[in-house]
Structure formats: C-alpha cells, structure tokens
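Here are the chains, one letter per residue:
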Amino acid sequence: MSDTLFTILGIAGSLRRESYNRALLGAARRLAPPGVSVELYERLGEIPLYDEDLRVAQGDPEPVRDLKARIAMADALLIATPEYNYGIPGVLKNAIDWASRPPDTSPLRHKPVAIIGASTGLFGTVRAQLQLRQVFVFTESYVLGKPEVLVPRAGDKFDSAGELTDTATRDQLAKQLAALVEWARRLRAG
Ligand SMILES: Cc1cc2nc3c(=O)[nH]c(=O)nc-3n(C[C@H](O)[C@H](O)[C@H](O)COP(=O)(O)O)c2cc1C
C-alpha cells in the first residue's frame, strides 16, 4: 500500500442498470479523500453460479480469477448491498462465495471492508448489512464498525441522473471513506 494512492474496490450487489447501490459507489468515487481512488467492479453478472465440482475440476473461471485479482490488488473493499427479502442479493453472496475459496489463499482474508447500502424501503438495508457482516466473519475479513452508511427511501436521495443529492448521506459517506482508509492503514501497521 502506497502512502500516496490508496485503492478501494467498490462492488455493488445489484445487476440493475440504474441501481441506487451502484450510484452510491459513484458518489463514493467523487467523495473520496485526496490520494484515494474508488474503482468500480462491473463484472458481477459474469460470475457463474458457485459449483464446487467445477472449481475442483477446472479451477476458477476467468471472471472469478479477475474478481479475486482485483480484490487482492485493492487496499480495501467498499460493498454497496441492496436488501432483498431482509438479506443480501444472491448475486452478491455468490461472488463472495467464489472469492472465499480456498479459504487459506482467499483475497478476502484479512481484507479491510466497509459496507454501505441503499434501499427504497424505510430501513436502508440494515438487515442486509447485518447479514453481510456475518458473512465476513467466516471469510476473516476486517469489517469497519462505524460510521455506518444506510440510505433509506433511496428514490428521494438521488436525482434523475443518479447523483446522490442528500447532504447528510454525502457527509456520512465521506466520513466513512476517511475512516476506512485510517482503519486499513492501522491494520497494515499492525
Ligand atoms: C427481490 C427483492 C426483494 C426486496 N426486498 C427488500 C427488502 O427486504 N427491504 C427493502 O428495503 N427493500 C427491498 N426491496 C426493494 C429494494 O430496496 C429496491 O429494489 C432497490 O432499488 C434495490 O437496490 P438497487 O437499486 O441497487 O438495485 C426488494 C427488491 C427486490 C427486487
């Protein structure tokens, strides 16, 4: 990790073209502190369904190798999760499952992670975020505790171009990005 450029890989757990969660990552990119770059992962839809037989027989498919390499290269991850039926979307869990195997060489192991999420409902992905934290216990990833970024009623927080217009959410996101960088640097320093 260089002192001058800190790279965060942003993964949105939605395949929807106008996803609020992808738009939230776009806002993170623009709100990142100087020297910090937020790169967007755009290949979630290419990850096949997890199949242990396939993995053992043929190794990771190319999109999975690419995902793992991008995670490994990043100094930290920023996961923007939608909430589907009180949990995280299957596409996101599926990608995490691939990235988590085999556990001893998984790039998720000891990786600093921050979680954010936007929903059209009233609770702003709180249940999905809790579930995602639980998933990252088993992958031995280091999830930032606070500040949390929950975006309820997302339809009111973004304009028609997908720009995050809500000032309080923008401030909270900027604070979380700064905290994530500090968290990762502290972990790296030991
Ligand atoms: C299958 C499904 C289940 C959903 N379940 C929830 C839910 O449990 N809580 C919630 O707040 N919103 C729920 N929603 C609404 C999502 O918050 C909304 O579709 C949101 O836009 C998804 O994120 P995205 O814009 O990034 O795709 C659900 C949507 C779908 C498609």
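The present account deals with the structure reproduced in this document. (Residues numbered from 1 in each chain as written. Predicted model: local features only at pLDDT ≥ 70, side-chain atom pairs only at ≥ 80, totals over all residues. Heavy atoms only, no water.)

**A look at the packing of aromatic side chains**
Aromatic rings in a pair are described by how distant their centres are and how their planes are angled relative to each other.
For step 1, the next point in the chain: One pass over the full model with this rule turns up 2 aromatic pairs.
For step 2, the next point in the chain: A ring pair is formed by Tyr20 and Phe158, whose centres lie 5.5 Å apart and whose planes are at 35°; its orientation type is tilted. Of this pair, Tyr20 sits in helix 1 (residues 20-31) while Phe158 sits in the loop between strand 6 (149-151) and helix 6 (167-189), and the two are 138 residues apart along the sequence.
For step 3, the next point in the chain: The exposure class of Tyr20 is partly exposed, given its relative accessible area of 26%.
For step 4, the next point in the chain: A relative accessible area of 7% means that Phe158 is categorised as buried.
For step 5, the next point in the chain: Of note, Arg16 hangs over the ring of Tyr20, and the distance from its end group to the ring centre comes to 5.4 Å. (Phe/Tyr/Trp six-rings, centres within 6.5 Å; stacked < 30°, edge-to-face > 60°. Helix = DSSP H or I, 4+ residues; strand = E, 2+ residues; numbered from the N terminus. Buried < 20%, exposed > 50% of the residue type's maximum accessible area, 1.4 Å probe, protein only. Lys NZ or Arg CZ within 6 Å of the ring centre and 35° of its normal.)

**A closer look at the site of the ligand**
For step 1, the next point in the chain: Neighbouring the ligand are 14 residues; Ser14, Arg16, Ser19, Asn21 and Asn85 lie closest to it.
For step 2, the next point in the chain: At a separation of 2.8 Å, a nitrogen atom of the ligand approaches a polar side-chain atom of Glu83.
For step 3, the next point in the chain: Summarising the interface, the protein chains cover 73% of the accessible area of the ligand, which totals 620 Å² for the free molecule.
For step 4, the next point in the chain: Broken down by class, the residue content of the shell around the ligand amounts to 4 nonpolar, 7 polar and 3 charged. (Near = heavy atom within 4 Å. Polar contact = N/O pair within 3.5 Å; in protein donor to acceptor, adjacent residues only side chain to side chain. Areas by Shrake-Rupley, 256 points an atom, 1.4 Å probe, with all protein chains shown as cover. Nonpolar A, V, L, I, M, F, W, Y, C, P; charged D, E, K, R; others polar.)

**Some thoughts on the pairing of strand 2 (residues 36-41)**
For step 1, the next point in the chain: Bridging between strand 1 (residues 6-12) and strand 2 involves 6 bridges; their strand directions are parallel. Considered in strand 2, the bridge of Thr7 is made with Ser37.
For step 2, the next point in the chain: Following the chain from strand 1 across helix 1 to the adjacent parallel strand 2, one finds a crossover that is right-handed. (Pairing = 2+ DSSP bridges. Right-handed = clockwise from strand over helix to strand, strands pointing away.)

**With respect to the nonpolar core**
For step 1, the next point in the chain: Residues Ile8, Leu24, Leu78, Ile116, Leu173 and Leu177 are the most contacted members of the largest nonpolar core, which totals 31 residues.
For step 2, the next point in the chain: Secondary structure elements with two or more residues in this core: strand 1, helix 1, strand 2, strand 3 (76-80), strand 4 (112-118), strand 6 and helix 6.
For step 3, the next point in the chain: Ignoring any residue separated from it by four or fewer positions in sequence, one finds Leu78 in contact with Ile8, Leu9, Gly10, Ile11, Leu25, Ala28, Ala114, Ile116, Gln176 and Leu177.
For step 4, the next point in the chain: In terms of nonpolar packing, the next biggest core, distinct from the first, is built from 25 residues, Ile11, Tyr41, Ala95 and Leu132 among them. (Core = buried A, V, L, I, M, F, W, Y, C linked by side-chain atoms within 4.5 Å. Contact = heavy atoms within 4.5 Å.)

**Considerations on the pattern of salt bridges**
A pair can form between side chains of opposite charge whenever their charged atoms are brought close.
For step 1, the next point in the chain: Here the structure, examined in full by the defined rule, presents 13 salt bridges.
For step 2, the next point in the chain: One salt bridge in this structure joins Arg43 and Asp66, with 3.3 Å as the shortest N-O distance. Taken together, the residues span a long stretch of sequence, with Arg43 in the loop between strand 2 and helix 2 (52-58) and Asp66 in helix 3 (residues 62-73) at a distance of 23 residues.
For step 3, the next point in the chain: The partner of Asp60 in a salt bridge is Lys68, with the nearest N and O atoms 2.6 Å apart. The exposure classification of Asp60 matches that of Lys68, with both residues buried. (Salt bridge = Lys/Arg side-chain N within 4 Å of Asp/Glu carboxyl O.)

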